[in-house]
Amino acid sequence: MTRALIVERLTWRALVAGLMAMAVWLVLALPGLTQPAFPELTGRVVDGANLLSPAREAELEARLAALERDTSDQLVVVTGVSGSGKSSL
């Protein structure tokens, strides 16, 4: 095996290893970059986008409290504003 062939193979392996390392980094880093920012959870209903009337918010709060009391399951309703400024559930 010639010296040029050895260098070529080592260079190719280094390139493949670098690409694999970048792929692993992307797989690990991207989910953290794309997760939405949730408002602080201050109760069972957090209406950050102001979509719910006070009566509807109180009704949901009561129903979610009953659900938790009856089943021990916890459920939170959160509304927020998307990056484009639109309200979302």
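Heads up: the structure comes first, above all this text.
Being a predicted model, the structure only gives us computed values, none of them experimental.

Enquirer: Looking at this structure, how should I read the overall build of the chain?
Expert: Of regular secondary structure, the chain possesses 2 helices and 3 strands. Secondary structure elements of the chain occur, N-terminal to C-terminal, as α-β-α-β-β. Across the 89 residues in the chain, those meeting the buried criterion constitute 9%. Residue pairs in contact within the chain that sit at least 24 positions apart in sequence constitute 49% of those at least 6 positions apart. Element-wise, carbon and sulfur atoms account for 63% of the exposed surface of the chain, whose accessible area totals about 7400 Å².

Enquirer: How should the side chain of Asp47 be read in this particular structure?
Expert: Checked against the element boundaries, Asp47 lands in strand S1 (residues 45-47). Arg56 provides the closest opposite charge to the buried, salt-bridge-free Asp47, at an N-O distance of 10.0 Å. A polar contact is formed between the side chain of Asp47 and the backbone nitrogen of Leu52, at a distance of 2.8 Å. In this structure the side chain of Asp47 is engaged in a polar contact, spanning 2.5 Å, whose partner is the side chain of Thr79.

Enquirer: Would you mind going over a nonpolar patch on the surface with me for this structure?
Expert: Residues Trp12, Leu15, Val16, Leu19, Met20 and Met22 make up a contiguous nonpolar surface patch of about 640 Å² in total accessible area. Assignment of secondary structure puts Met20 in helix H1 (residues 3-34). The exposed category is assigned to Met20, whose relative accessible area is 54%.

Enquirer: It is not clear to me how helix H2 (residues 54-71) should be interpreted in this structure. Could you clarify?
Expert: The terminal C-alpha atoms of H2 lie 26 Å apart, and with 18 residues this matches the ideal 26 Å at 1.5 Å per residue to within 8%. Just downstream of H2, Ser72 is the residue with a positive phi angle, here 70 degrees.

Enquirer: What is the right way to look at unusual backbone geometry in this model?
Expert: The phi angle at Asn50 is positive, at roughly 55 degrees, despite the residue not being glycine. Its location among the elements puts Asn50 in the loop between S1 and H2. Judged by relative accessible area, Asn50 falls into the exposed class, the value being 65%. For Ser72, which is not glycine, the phi torsion reads 70 degrees and is therefore positive. Its location among the elements puts Ser72 in the loop between H2 and strand S2 (77-81). Judged by its relative accessible area of 60%, Ser72 falls in the exposed class.

Rules and cut-offs
Residues numbered from 1 in each chain as written. Predicted model: local features only at pLDDT ≥ 70, side-chain atom pairs only at ≥ 80, totals over all residues. Heavy atoms only, no water. Helix = DSSP H or I, 4+ residues; strand = E, 2+ residues; numbered from the N terminus. Buried < 20%, exposed > 50% of the residue type's maximum accessible area, 1.4 Å probe, protein only. Contact = heavy atoms within 4.5 Å. Areas by Shrake-Rupley, 256 points an atom, 1.4 Å probe, with all protein chains shown as cover. Lys, Arg positive; Asp, Glu negative; His and termini not counted. Salt bridge = Lys/Arg side-chain N within 4 Å of Asp/Glu carboxyl O. Polar contact = N/O pair within 3.5 Å; in protein donor to acceptor, adjacent residues only side chain to side chain. Patch = residues over 30% accessible without salt bridge, like charges linked within 9 Å, V, L, I, M, F, W, Y side chains within 5 Å. Expected span 1.5 Å × (residues − 1).

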